[in-house]
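Geometric and topological summary
Listed here are the chains, written in short residue letters.
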Amino acid sequence: EAGVTQFPSHSVIEKGQTVTLRCDPISGHDNLYWYRRVMGKEIKFLLHFVKESKQDESGMPNNRFLAERTGGTYSTLKVQPAELEDSGVYFCASSQRQGGTGELFFGEGSRLTVL
Amino acid sequence: AQSVTQLDSHVSVSEGTPVLLRCNYSSSYSPSLFWYVQHPNKGLQLLLKYTSAATLVKGINGFEAEFKKSETSFHLTKPSAHMSDAAEYFCVVRPHDTGRRALTFGSGTRLQVQP
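Rules used in this analysis
Residues numbered from 1 in each chain as written. Chains lettered and ligands numbered in written order. Predicted model: local features only at pLDDT ≥ 70, side-chain atom pairs only at ≥ 80, totals over all residues. Heavy atoms only, no water. Helix = DSSP H or I, 4+ residues; strand = E, 2+ residues; numbered from the N terminus. Rg over C-alpha atoms; globule rule 2.2 N^0.38 Å. Buried < 20%, exposed > 50% of the residue type's maximum accessible area, 1.4 Å probe, protein only. Contact = heavy atoms within 4.5 Å. Areas by Shrake-Rupley, 256 points an atom, 1.4 Å probe, with all protein chains shown as cover. Lys, Arg positive; Asp, Glu negative; His and termini not counted. Charge placed at Lys NZ, Arg CZ, Asp CG, Glu CD. Buried area = accessible area lost by both parts, 1.4 Å probe. Salt bridge = Lys/Arg side-chain N within 4 Å of Asp/Glu carboxyl O. Polar contact = N/O pair within 3.5 Å; in protein donor to acceptor, adjacent residues only side chain to side chain. Core = buried A, V, L, I, M, F, W, Y, C linked by side-chain atoms within 4.5 Å.

Quick notes on the overall build of chain A
Across its full length, chain A carries zero helices and 11 strands. Start at the N end of chain A and walk to the C end: the helices and strands fall as β-β-β-β-β-β-β-β-β-β-β. Its C-alpha atoms give chain A a radius of gyration of 13 Å, near enough to 13 Å, the size a compact globule of 115 residues would have. Once the C-alpha set of chain A is aligned to its principal axes, its extents read approximately 40 × 25 × 25 Å. Residue burial in chain A is summarised as follows: out of 115 residues, 47% are buried. At a minimum sequence separation of 6, the contacts of chain A that also span at least 24 residues come to 53%. Only carbon and sulfur atoms are counted for the fraction: they give 47% of the accessible area of chain A, which is about 5800 Å². Once the 13 positive and 14 negative side-chain charges of chain A are each reduced to a mean point, those two points are 2 Å apart.

Brief notes about the interface of chain B and chain A
With 21 residues of chain B in contact, the opposing surface of chain A contributes 20 residues. Of all residues in chain B, Leu44(B), Arg101(B) and Phe105(B) bury the most surface against chain A, accounting for 34% of the area lost on that side. Joining chain B to chain A, the criterion identifies one salt bridge. One salt bridge connects Glu88(B) with Arg37(A), and the closest N-O pair in it is separated by 3.0 Å. Here chain B and chain A share four residue pairs in polar contact (both at pLDDT 80 or more) between them. Listed by contribution, the elements that provide at least two residues to the side of chain B that touches chain A are strand E5 (31–38), strand E6 (44–50) and strand E10 (87–95) of chain B.

Quick word on the nonpolar core
If you look at the biggest cluster of nonpolar residues, it comprises 26 residues, and the most contacted ones within it are Trp35(B), Leu48(B), Phe74(B), Leu76(B) and Tyr89(B). In terms of residue count, the dominant contributor to this core is E10(B) (four residues). Excluding anything up to four places from it in sequence, Tyr89(B) contacts Gln6(B), Leu21(B), Trp35(B), Tyr36(B), Val37(B), Leu47(B), Phe63(B), Leu76(B), Gly108(B), Thr109(B) and Leu111(B). Of all hydrophobic cores here, the second largest spans 21 residues; its members include Leu21(A), Leu32(A), Cys92(A) and Val114(A).

As for the environment of Gln6(B)
Residues and elements named next belong to chain B. Tracing the chain through its elements places Gln6 in strand E1 (residues 3–6). With 101 residues separating them in the primary sequence, Gln6 and Ser107 have C-alpha atoms 6.3 Å apart. Non-local contacts of Gln6, meaning those with residues more than four positions away in its chain, are made with Arg22, Trp35, Tyr89, Phe90, Cys91, Gly106, Ser107, Gly108 and Thr109. Within polar-contact distance, the side chain of Gln6 engages the backbone nitrogen of Gly108 at 3.0 Å.

Listed below in structure tokens is the structure:
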């Protein structure tokens with residue numbers, strides 16, 4: 001069974017440009033999460049989808065970030081316009097239906113470099 | 001609110017010697033605690049989790065951790081390090097009772113294993 005897949009693995013863009021990161025969760029996982037790690041800092045929560053609905057978006061840093069999960073399958077995270085401080089690794093994770101303390105399965109991350 | 005403190009940013013051990021990675025947490029609610037590992041260019045992988053059952057938790061690859069409520073600690077140990085254990089390790093907390101699913105990560109401990 002395929003794990004969580006993320007694309008692209010690495011993206012280099014200039015300040016002011018737009019980037020879209022994609023995450024394909026494990027099939028059947030209703031919960032999808034975005035996290036990011038900026039250089040030298042902790043991995044921080046961005047937001048949580050349950051199917052296509054945003055359950056918790058308290059970690060989104062500002063309105064330059066837009067996450068979608070149309071149809072409750074894959075998700076995209078768009079950064080527009082990108083700033084230097086957006087550089088880091090963006091992780092996606094998925095888990096099965098809510099309830100209990102289900103394991104989160106993480107992807108390998110998308111590294112974003114903003115020049 | 002919850003937080004996690006990993007007391008060592010880097011730990012270096014010799015192959016065959018014990019490993020101790022330290023983690024202290026704070027949480028307003030009864031927490032779930034996890035250790036994740038990230039090998040170079042790989043996603044985050046769950047090593048083990050504590051969810052209010054047995055306080056000594058055994059994980060994959062010979063790792064284990066003990067939940068000590070009185071010390072608010074969840075240190076990760078392994079009796080004998082292997083070269084393949086070299087990676088970055090993250091202590092993670094999730095409050096059990098609030099309904100929020102977001103994980104709070106520690107800053108990570110990079111484990112180096114010397115031959």
